[in-house]
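# Examining the three-dimensional arrangement
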Amino acid sequence: FLSLTVLILSYAYCLLSDPAKPSPIGLDCKAIVKNNRADERYCRVCKKKIPGLDHHCEWLGTCIGESNYFAFFSLISSGLITFLLQLVILILQITLFGVDGAVFYAFTGIWCFISAFISFRYLSLLIFHVNLLRMGMGTYDYLIVQRDQMLAKEQAKKQQEQGAHYTA
């Protein structure tokens with residue numbers, strides 16, 4: 001029940017707070033978010049300058065920055081816990097307290113699959129953000145590095161092909 005409460009409160013905070021303004025309840029993550037990130041970045045979707053912009057979250061429809069990163073991280077952590085607990089309870093319900101009826105098993109099996117899928121998505125997101133925090137990097141910074149590496153590989157490949165073409 002606690003994880004569901006944290007999930008709902010974190011979701012509401014991310015959704016209702018303005019990431020361009022300081023946290024009204026003191027949940028700023030300046031020490032965590034500002035490792036290697038720009039002080040402010042402009043979000044083209046929100047059309048605002050966001051302090052410590054990590055990324056624009058399409059799922060939440062808002063920017064994640066230093067003022068709401070803690071709530072975002074709480075959201076993905078509590079989401080994982082909530083759906084894993086739900087999955088465990090469903091599995092226990094099937095194995096220990098089995099009820100006769102194909103409809104019950106079909107419904108519970110489908111709900112188990114959905115819970116497992118959502119848990120995996122939350123786990124992937126949590127692992128990604130823990131790694132970014134460990135590297136002192138934001139999502140936006142990570143995407144820029146990935147793009148630059150891809151462009152460098154493409155340029156090196158073109159140069160190699162041109163070099164091979166001239167030697168032939």
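A brief structural summary. (Residues numbered from 1 in each chain as written. Predicted model: local features only at pLDDT ≥ 70, side-chain atom pairs only at ≥ 80, totals over all residues. Heavy atoms only, no water.)

In this section: the overall build of the protein. The helix and strand tally for the protein stands at five helices and four strands. Walking the protein from its N terminus toward its C terminus, one meets helices and strands in the order α-α-β-β-β-β-α-α-α. By the burial criterion, 33% of the 168 residues in the protein qualify as buried. Contacts in the protein between residues far apart in sequence, at least 24 positions, make up 58% of those at least 6 positions apart. (Helix = DSSP H or I, 4+ residues; strand = E, 2+ residues; numbered from the N terminus. Buried < 20%, exposed > 50% of the residue type's maximum accessible area, 1.4 Å probe, protein only. Contact = heavy atoms within 4.5 Å.)

With that settled, the discussion passes to a nonpolar patch on the surface. On the surface, Phe107, Ile110, Trp111, Phe113, Ile114 and Phe117 cluster together to form a nonpolar patch covering roughly 660 Å² of accessible area. With respect to the element layout, Phe113 can be found in helix H4 (residues 102-135). Taking the relative accessible area as the measure of exposure, Phe113 reaches 61% and is therefore exposed. (Patch = residues over 30% accessible without salt bridge, like charges linked within 9 Å, V, L, I, M, F, W, Y side chains within 5 Å. Areas by Shrake-Rupley, 256 points an atom, 1.4 Å probe, with all protein chains shown as cover. Salt bridge = Lys/Arg side-chain N within 4 Å of Asp/Glu carboxyl O.)

The next point concerns the layout of surface pockets. For the largest pocket, the calculated volume is near 270 Å³. Contributing to the lining of the largest pocket are His55, Cys57, Trp59, Phe72, Ile118, Arg121, Tyr122, Ser124, Leu125, Phe128, His129 and Thr139. Elements that contribute at least two residues to the lining of the largest pocket include exactly strand S3 (55-57) and H4. Of all the elements, H4 adds the most residues to the lining of the largest pocket, at seven residues. Considering only enclosed or pocket space, the second largest pocket measures out at about 180 Å³ in volume. Going through the elements one at a time, strand S1 (40-43) and S3 are the ones with two or more residues in the lining of the second largest pocket. Residues of the lining of the second largest pocket, tallied by class, amount to five nonpolar, two polar and one charged. (1 Å grid on protein atoms, 1.4 Å probe; cavity = no way out; pocket = protein on both sides within 12 Å on 5 of 7 lines; lining within 4 Å. Points joined across faces, edges and corners; volume = space filled by probe spheres on them. Nonpolar A, V, L, I, M, F, W, Y, C, P; charged D, E, K, R; others polar.)

At their nearest, the axes of helix H1 (residues 2-16) and helix H3 (residues 69-96) sit 8 Å apart, and the two run at 145° to each other. Where H1 crosses over H3, the handedness of that crossing is left-handed. On H3, the residues touching Ser3, Leu4, Val6, Leu7, Ser10, Tyr11, Tyr13 and Cys14 of H1 are Ala71, Phe72, Ser74, Leu75, Ser78, Gly79, Ile81, Thr82 and Leu85. Considering only residue class, the contact of H1 with H3 consists of eleven nonpolar, six polar and no charged. (Axes fitted to C-alpha atoms, helices over the stretch in contact; angles between N-to-C directions. Left-handed = near helix turned anticlockwise from the far one by under 90°.)

This next bit is on the environment of Pro19. In this structure, Pro19 sits in the loop between H1 and helix H2 (30-33). For Pro19 and Lys49, which are 30 residues apart along the polypeptide, the C-alpha to C-alpha distance reads 8.9 Å. Apart from residues no more than four positions distant in its own chain, Pro19 is found in contact with Ile50, Pro51, Thr62, Cys63, Ser67 and Asn68.

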